[in-house]
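Notes for the structure review
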Amino acid sequence: MLLAAGAVTVAAVARRRRRAPDERDRYLAVTVNRAPDEVQSSLPEDLARWRDRVEIRIRPAAGDKGTELSVQPSEQVSRHELRLALRRAKAVLEAGEVVQSDTAPTHPGPMGKALRLVTSRAGGGGRL
Amino acid sequence: MKALCWEGINDVRVQDVPDPQLLNDQDMIVKVRLSTVCGSDLHLLTGHIPFMQAGDVIGHEFMGEVAEVGPGVTRHRPGDRVVVCSFIVCGRCWYCRNELYSLCDNTNTNPAITQQLWGADPGGIFGYSHAMGGFRGSHAEYVRVPFADHTAIPIPEGVDDLSALFASDSVPTGWMGADLGGVKPGDVVAVWGSGAVGQMAARAAQLLGAERVLVIDRFDYRLRQAAQAFGVETINYAGTSVGDALLEATGGRGPDVCIEAVGCEAHSTGPQYAYDQVKSKLKLETDRPIAVREAIYNCRKGGSVFVLGVFTGLVDKFPLGALMNKGLTVRGAQQHGQRYIPMLLDRIASGELVTNHLATHIMPLSEGARGYELFKKKEDGCVRAVFQL
């Protein structure tokens, strides 16, 4: 399955590279289970620090699901950084803190080391 | 401290690992008293879920005593007895607020893996691979419990440790299958799998009013246990046609609700099993969905199928035609434990929900490898091995 996950990731990267210019500008978004004015007034530093370099959009989510918090990527900040910032901001706004993973094993083995390469980037990856 | 670690495929060993620390304000440390094996652990042991590192502490179904709390913990104090749900939940995201706890948005520290595989990331689980957050498991003297106010539940006075243990996972998982499967008074319910989760699903169906409950397995000793504990009817598929037996039991209709409690490494008899074995060995499918196929095929028209067993990826020969043409509702989930655990502990306290017969083998953690061996090979009448710390 690791191979399958790798293939999916490679395909996703290839798809991103083939994106038309307007696709590359598509907003990255999370929905925060807080009211829009609360998100606006207490935007966590993880995201607020990019305010001068990317457009941040805050609007009510459909169906009373909270607030859609979106950023439009730019050349100045990587999508990886923005995904990480969005996830961290959502966690702080909703749960008050970003949960840390436990300390890793001391002897992960060859497959474990390969897996660490994946997980070291996992906070800023994915479909977000 | 001592902990049972995954060291490679079919290799678990007790090792010395560093004591857990409070890493977040809302963490607490629990001194584990009892921790049990679970059928879903076998997918880690066999390498079916490949997101493990040598040295990972496994185990996710446990209870214990609060040892230390972070400054953000308000509902627990050192010395409290708690049952800890296998799913770590923040309690405040939209999913948690809507009691879909296993879908928590804020507890998987490696969201990219499952987002790529499944389109979205579920919550984190103790001891269940780095795809599910990389949290240390419970087969250990101590465990760090993130978002402790929401992840752990106090145990009432009238519930002993062993009965409470199974409220961590198998009881709420089984209950959820019957509840979200839509069991109603008068229903006939069929449950595939007579392990702890299957038995709890069967009991839940009874308590929700099912008129008849039939449990299906290939191990007579497990079927006997289910029949003795709860008075359910049983079908051993090794010597009986499940479809014929279910038609006979339901006047030719089929069960109203079918609950699958087997998972991705299902066994069967006949060519179907050989087919799935070959396909999975060749990596042409990741999971063997034999019990799911049977549940869909045998469910009555307009009935409901709930998938409780753990699946990881892609399956072959999924009976979509039967699902669509019979108008079935098919649903699945990892357990939304926090939704049910307080109510289930009350039912355990009242005596209407018995769980401790599931603990067929109680042993010290030092015998952890033997416990998994008995459990995996279904030897010596093993339903659950429980590690005492």
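Residues numbered from 1 in each chain as written. Chains lettered and ligands numbered in written order. Predicted model: local features only at pLDDT ≥ 70, side-chain atom pairs only at ≥ 80, totals over all residues.

Digging into the overall build of chain B
When its secondary structure is counted, chain B shows 14 helices and 18 strands. Compactness check: chain B gives a C-alpha radius of gyration of 20 Å against a globular reference of 21 Å for 389 residues, within 12% of the reference. Principal-axis analysis of the C-alpha atoms gives chain B an extent of 60 × 50 × 45 Å. Burial analysis of chain B (389 residues in total) assigns 58% to the buried set. In chain B, the proportion of contacts linking residues at least 24 apart, taken out of those at least 6 apart, comes to 73%. (Helix = DSSP H or I, 4+ residues; strand = E, 2+ residues; numbered from the N terminus. Rg over C-alpha atoms; globule rule 2.2 N^0.38 Å. Buried ≥ 20, exposed ≤ 12 C-beta atoms within 10 Å, placed from the backbone. Contact = placed C-beta atoms within 7 Å.)

A look at the UniProt feature "domain: Alcohol dehydrogenase-like N-terminal" (unreviewed entry) in chain B
Per the UniProt annotation, the sites labelled "domain: Alcohol dehydrogenase-like N-terminal" (unreviewed entry) are residues 25-155 of chain B. Segment residues 25-155 of chain B splits into 16% helix and 27% strand. End C-alpha atoms: 23 Å apart. (UniProt positions renumbered as here; feature names shortened; annotations may be inferred.)

Quick notes on the sheet that holds strand E3 (residues 67-72) of chain A
Within a sheet, adjacent strands bond to each other through the backbone by hydrogen bonds, running parallel or antiparallel. All names here are of chain A. Read from one edge of the open sheet, three strands run E1-E3-E2, paired in antiparallel fashion. Strand pairing shows two members of the sheet lacking a second neighbour, strand E1 (28-32) and strand E2 (55-60), which therefore form its edges. Put simply, the sheet's adjacent strands are angled 20° from each other on average, direction ignored. On the sheet, helix H5 (residues 79-95) packs against E1 and E3 and is oriented at approximately 5° with respect to E1. (Pairing = 2+ DSSP bridges. Axes fitted to C-alpha atoms, helices over the stretch in contact; angles between N-to-C directions.)

A few points about the UniProt feature "domain: Alcohol dehydrogenase-like C-terminal" (unreviewed entry) in chain B
Per the UniProt record, "domain: Alcohol dehydrogenase-like C-terminal" (unreviewed entry) is found at residues 196-264 of chain B. Annotation note: span residues 196-264 of chain B, helix share 45%, strand share 20%, distance between end C-alpha atoms 16 Å.

A closer look at helix H3 (residues 111-118) of chain B
All names here are of chain B. Along H3, six of the eight residues are buried, which leaves the element largely enclosed by surrounding structure. By the burial criterion, the buried members of H3 are Pro 111, Ala 112, Ile 113, Thr 114, Gln 116 and Leu 117. At the exit of H3 stands Gly 119, carrying a positive phi of roughly 95°.

Comments concerning the environment of Gln 100 of chain A
Take Gln 100 of chain A: it is sitting in the loop between H5 and helix H6 (109-119). Exposure remark for Gln 100 of chain A: the 14 C-beta atoms within 10 Å place this residue in the partly exposed category. The spacing of Gln 100 of chain A and Gly 125 of chain A is 25 residues in sequence and 17 Å in space, taken between C-alpha atoms. Those residues in contact with Gln 100 of chain A, other than ones at most four positions away along the chain, are Leu 23 and Asn 24 of chain B.

Observations concerning the pairing of strand E2 (residues 11-16) of chain B
All names here are of chain B. In this structure, strand E1 (residues 2-8) lies alongside E2, joined through six bridges in antiparallel fashion. What sits directly across from Ala 3, in E2, is Gln 15. The hairpin formed by E1 and E2 contains two residues between the paired strands, and Asn 10 there has a positive phi angle of roughly 55°.

Quick word on the interface of chain B and chain A
Interface extent is often summarised as the accessible area lost during association of the parts. Counting residues at the interface gives 42 residues for chain B, matched by 38 residues for chain A. Looking at the side of chain B that touches chain A element by element, the count peaks at six residues for H3 of chain B. Taken together, the residues of the side of chain B that touches chain A break down into 16 nonpolar, 19 polar and seven charged. (Nonpolar A, V, L, I, M, F, W, Y, C, P; charged D, E, K, R; others polar.)

Examining the nonpolar core
Counting residues in hydrophobic clusters, the biggest one holds 129 residues, and the most contacted among them are Val 30, Val 189, Val 191, Ala 201 and Ile 259 of chain B. Per element, the largest residue contribution to this core is seven residues, and it comes from helix H7 (residues 196-207) of chain B. Both of domain 1 (2-169 + 335-388) and domain 2 (173-332) of chain B provide at least three residues apiece to this core. Excluding residues within four positions of it along the chain, Val 189 of chain B makes contact with Val 183, Ala 205, Ala 210, Val 213, Pro 255, Asp 256, Val 257 and Ile 259 of chain B. Core analysis: the next-biggest nonpolar cluster, separate from the first, contains 14 residues, Ile 56, Leu 69, Leu 82 and Leu 86 of chain A among them. (Core = buried A, V, L, I, M, F, W, Y, C linked by C-beta atoms within 7 Å. Domains from an automatic or database assignment.)

Re helix H6 (residues 170-180) of chain B
Quick reminder: α-helices carry 3.6 residues per turn. Residues three or four places apart thus point the same way. Residue and element names in this part refer to chain B. For H6, the tally of buried residues reaches nine of eleven residues, placing the bulk of the element in the interior. Within the span of H6, buried status applies to Ser 170, Val 171, Pro 172, Thr 173, Gly 174, Trp 175, Met 176, Gly 177 and Ala 178. Check the buried side of H6 and you find it contacts strand E5 (61-69), H7, strand E14 (257-260), strand E15 (304-307) and helix H13 (337-350). Taken from the residues just after H6, Gly 182 is the one with a positive phi, measuring 85°.

Quick look at the sheet that holds E2 of chain B
All names here are of chain B. Ordered by their spatial adjacency, three strands build an open sheet running E2-E1-E4, and the pairing between neighbours is antiparallel. Looking along the sheet, the strands with just one partner apiece sit at the ends: E2 and strand E4 (56-57). This element, helix H14 (residues 368-377), spans E1 and E2 of the sheet and lies at about 160° to E2.

Here's the deal with the confidence of the model for chain B
Here chain B averages 96 in pLDDT, while 100% of its residues score no lower than 70. In the predicted complex, the global pTM is 0.93; the interface-specific ipTM is 0.92. (pLDDT = per-residue confidence, 0-100.)

Regarding the domain arrangement of chain B
Residues and elements named next belong to chain B. Looking at the assigned domains, one finds that chain B contains domain 1 (2-169 + 335-388) and domain 2 (173-332). One C-alpha centre belongs to domain 1, the other to domain 2; they are set 25 Å apart. If you list the elements that add at least two residues to the side of domain 1 that touches domain 2, you get helix H1 (41-45) and H13. Classifying every residue of the side of domain 1 that touches domain 2 gives ten nonpolar, nine polar and four charged.

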